[in-house]
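Understanding the architecture of this molecule
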Amino acid sequence: VQLQASGGGLVQAGGSLRLSCAASGSIFSIDAMGWYRQAPGKQRDLVAGITSIGSTNYADSVKGRFTISRDNAKNTVYLQMNSLKPEDTAVYYCNADVFVRRGALYKYWGQGTQVTVSS
């Protein structure tokens with residue numbers, strides 16, 4: 001199973017970006033999916049998560065600005081980021097809890113995509 005993230009880049013403060021992450025490979029079904037971020041010298045933290053039925057949760061720092069969604073038919077998770085701030089600058093990683101067969105659940109990570117917000 002592979003997760004391919006895309007959509008990062010350089011944006012000015014107040015701007016928007018949309019990240020995408022597509023899962024491919026031997027997938028029976030996908031449970032939760034999410035986005036994490038890691039700034040230089042800091043730990044990797046959860047940004048937003050979404051369950052298989054669409055329940056979402058967000059870090060307090062992004063509530064009201066970021067929206068996570070998923071397309072189950074495409075095995076893809078999205079992160080719409082609005083009103084970006086310099087402190088949102090980080091490498092963003094997607095992850096997914098994937099059933100590769102019934103009862104066999106594994107967590108996979110994407111390769112990371114850089115988001116840089118200039119002031």
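Residues numbered from 1 in each chain as written. Predicted model: local features only at pLDDT ≥ 70, side-chain atom pairs only at ≥ 80, totals over all residues. Heavy atoms only, no water.

1. Digging into the pairing of strand β4 (residues 29-38)
Relative to strand β9 (residues 90-101), β4 is paired through eight bridges, and the arrangement is antiparallel. By the bridge assignment for β9, Tyr 36 is matched with Tyr 93. Between β4 and strand β5 (residues 45-50), which pair antiparallel and follow one another directly, the connecting turn spans six residues, one of which, Gly 41, has a positive phi of 75 degrees. (Pairing = 2+ DSSP bridges. Helix = DSSP H or I, 4+ residues; strand = E, 2+ residues; numbered from the N terminus.)

2. What about the packing of aromatic side chains?
With the rule as written, the count across this model stands at one aromatic pair. On the basis of an interplanar angle of 65 degrees and a centroid distance of 5.0 Å, the ring pair of Tyr 36 and Trp 109 is categorised as edge-to-face. Pair noted here: Tyr 36 is in strand β4 and Trp 109 is in strand β10 (residues 104-109), with a separation of 73 residues, a long-range link. For the cation-ring pair, Arg 18 lies above Tyr 78, with the distance from its terminal atom to the ring centre recorded as 4.1 Å. Here the guanidinium or amino end of Arg 44 rests over the ring plane of Trp 109, the centre of that ring lying 4.8 Å away. (Phe/Tyr/Trp six-rings, centres within 6.5 Å; stacked < 30°, edge-to-face > 60°. Lys NZ or Arg CZ within 6 Å of the ring centre and 35° of its normal.)

3. Notes on the nonpolar core
By size, the foremost hydrophobic cluster in this structure holds 30 residues, and its most contacted members are Trp 35, Val 47, Phe 66, Val 77, Leu 79, Met 81 and Tyr 92. Mapped onto this core, the elements with two or more residues apiece are β1 (2-6), β3 (17-24), β4, β5, β7 (66-71), β8 (76-81), β9 and β11 (113-118). Counting residues per element, this core draws most heavily on β9, which supplies six residues. The residues contacting Val 47, other than those within four sequence positions of it, are Trp 35, Tyr 36, Arg 37, Asn 57, Tyr 58, Ala 59, Val 62, Phe 66, Leu 79 and Tyr 92. (Core = buried A, V, L, I, M, F, W, Y, C linked by side-chain atoms within 4.5 Å. Buried < 20%, exposed > 50% of the residue type's maximum accessible area, 1.4 Å probe, protein only. Contact = heavy atoms within 4.5 Å.)

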